[in-house]
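# Observations on the model geometry
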Amino acid sequence: MKIKSLAVNGIIAALYIVVTFLIQPLSFSNIQFRLSEMFNHLIVFNKKYFFGIILGVFLANLFLSPNPGLDLIFGFGQSVLALLITMFSSRYIKGIWARMAINTVVFTFTMFLIAWELNIAAGFPFFATWLAVAFGEFVVLTVGAPLMYAIHKRINFEKLID
């Protein structure tokens, strides 16, 4: 991996952690609006953002989560799974907006892993928790898509990383 790619991924990870920290009470509960999740849309521009995103998720869950052990398994696992599904599906879906829509659906659906974690950790009812965390993820990714696209128009995420 080139130095520029390492640096950009490091910046993405740092941004993910900072944004998660700034809204920490909303990042780790059965009602979640983790604004840093909008960085998940970077994967539709270039698959090399995978490392920065998962590093950010890993470190945020390790240092900010009230249940770091479970969050490192379920939260990190959910992100890796959803990103890999989006990367695979992007081979067949060419438009940026279509990819962001698929990414939103994939991340929203896979929030069942977070609901399962919260069921184990806090005894929250699985189905209601899945609906709640999926709703939060859907809102963040839906609102984040136009924002990420607007930033992309200014700095071109596809070419920012080698």
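Quick look at the structure, then.

### Points about the overall build of the protein chain
Summing up its helical and strand segments, the protein chain has 7 helices and 0 strands in all. Overall, the protein chain shows an N-to-C arrangement of helices and strands of α-α-α-α-α-α-α. What you see for the protein chain is a C-alpha radius of gyration of 15 Å, in line with the 15 Å of a compact globule of 162 residues. When burial is assessed residue by residue, the protein chain has 45% of its 162 residues classed as buried. When contacts within the protein chain are restricted to residue pairs at least 6 apart in sequence, those whose partners lie at least 24 apart make up 70%. Distance between charge centroids for the protein chain: 15 Å, based on 11 positive and 6 negative side chains.

### Here we look at the nonpolar core
Of all hydrophobic cores here, the largest spans 30 residues; its most connected members are L42, Y49, I53 and L83. Among the secondary structure elements, those contributing two or more residues to this core are α1 (3–22), α2 (50–64), α3 (68–90), α4 (96–109) and α6 (126–155). The contacts of I53, once residues within four sequence positions are left out, are I12, F39, N40, L42, I43 and L83. Grouped together as the second largest cluster of nonpolar side chains are 6 residues, M111, A115, L118 and A134 included.

### A few points about the packing of α2 against α3
As a packed pair, α2 and α3 sit with axes 9 Å apart at the nearest point and diverge in direction by 165 degrees. Relative to α3, α2 is oriented roughly antiparallel. The chirality of how α2 crosses α3 is right-handed. Here F50, I53, I54, V57, F58, N61 and L62 of α2 come into contact with α3, specifically with P68, D71, L72, G75, F76, S79, V80, L83, L84 and M87. In terms of residue class, the contact of α2 with α3 is made up of 13 nonpolar, 3 polar and 1 charged.

### Comments concerning a nonpolar patch on the surface
Taken together, W116, I120, F126, F127 and L131 make up a surface patch of nonpolar side chains, about 510 Å² in accessible area. Elements represented by at least two residues in the nonpolar patch include exactly α5 (112–122) and α6. The dominant element in the nonpolar patch, judged by the number of residues it contributes, is α6, at 3 residues. Inspection of the secondary structure assignment puts F127 in helix α6.

### Remarks on the environment of F76
By the element assignment, F76 lies in helix α3. On the accessibility criterion, F76 (23% relative accessible area) is partly exposed. On a C-alpha basis, the gap between F76 and G56 in space is 9.6 Å, while along the polypeptide they are 20 residues apart. Those residues within four positions of F76 in sequence are excluded, and the remaining contacts are I54, V57, F58, N61 and D71.

Calculation criteria
- Counting of residues starts from 1 at the beginning of each chain's written sequence and follows it residue by residue.
- In keeping with the predicted nature of the model, local features appear solely for residues at pLDDT of at least 70, side-chain atom pairs appear and are counted solely at 80 or more, and the whole-chain, interface and lining totals rest on all residues.
- The side-chain quantities take in all heavy atoms of the structure and omit both hydrogens and water.
- The helix count covers DSSP runs of H or I at least four residues long, the strand count covers runs of E at least two residues long, and both are numbered beginning at the N terminus.
- Here the globule rule reads 2.2 Å times residues to the power 0.38, and the radius of gyration is calculated from C-alpha atoms.
- When accessible area is computed with a 1.4 Å probe and restricted to protein chains, residues below 20% of their type maximum are described as buried, those above 50% as exposed, and intermediate ones as partly exposed.
- The contact rule is simple, with two residues in contact once any of their heavy atoms fall within 4.5 Å.
- The positive count covers Lys and Arg only, the negative count covers Asp and Glu only, and His and the chain ends enter neither.
- Where a charge lies is defined by one atom per residue type: Lys uses NZ, Arg uses CZ, Asp uses CG and Glu uses CD.
- Nonpolar core, defined: a set of buried Ala, Val, Leu, Ile, Met, Phe, Trp, Tyr and Cys residues in which side-chain atoms within 4.5 Å join the residues together.
- Lines fitted to C-alpha atoms define the axes, with helix axes restricted to the stretch in contact, and inter-axis angles between N-to-C directions lie between 0 and 180 degrees.
- For this classification, under 35 degrees means roughly parallel, over 145 means roughly antiparallel, 65 to 115 means roughly perpendicular, and everything else is oblique.
- A clockwise turn of the near helix away from the far one marks a right-handed crossing, whereas an anticlockwise turn of less than a right angle marks a left-handed crossing.
- Classification used: nonpolar for Ala, Val, Leu, Ile, Met, Phe, Trp, Tyr, Cys and Pro, charged for Asp, Glu, Lys and Arg, polar for all others including Gly.
- Only residues whose relative accessible area exceeds 30% and that form no salt bridge enter a patch; like-charged residues are grouped when within 9 Å of one another, and nonpolar side chains (Val, Leu, Ile, Met, Phe, Trp, Tyr) when within 5 Å.
- Note that accessible areas follow from Shrake-Rupley with a 1.4 Å probe, and for residues the cover is restricted to the protein chains shown.
- Salt bridge criterion: a side-chain nitrogen from Lys or Arg within 4 Å of a carboxyl oxygen from Asp or Glu.

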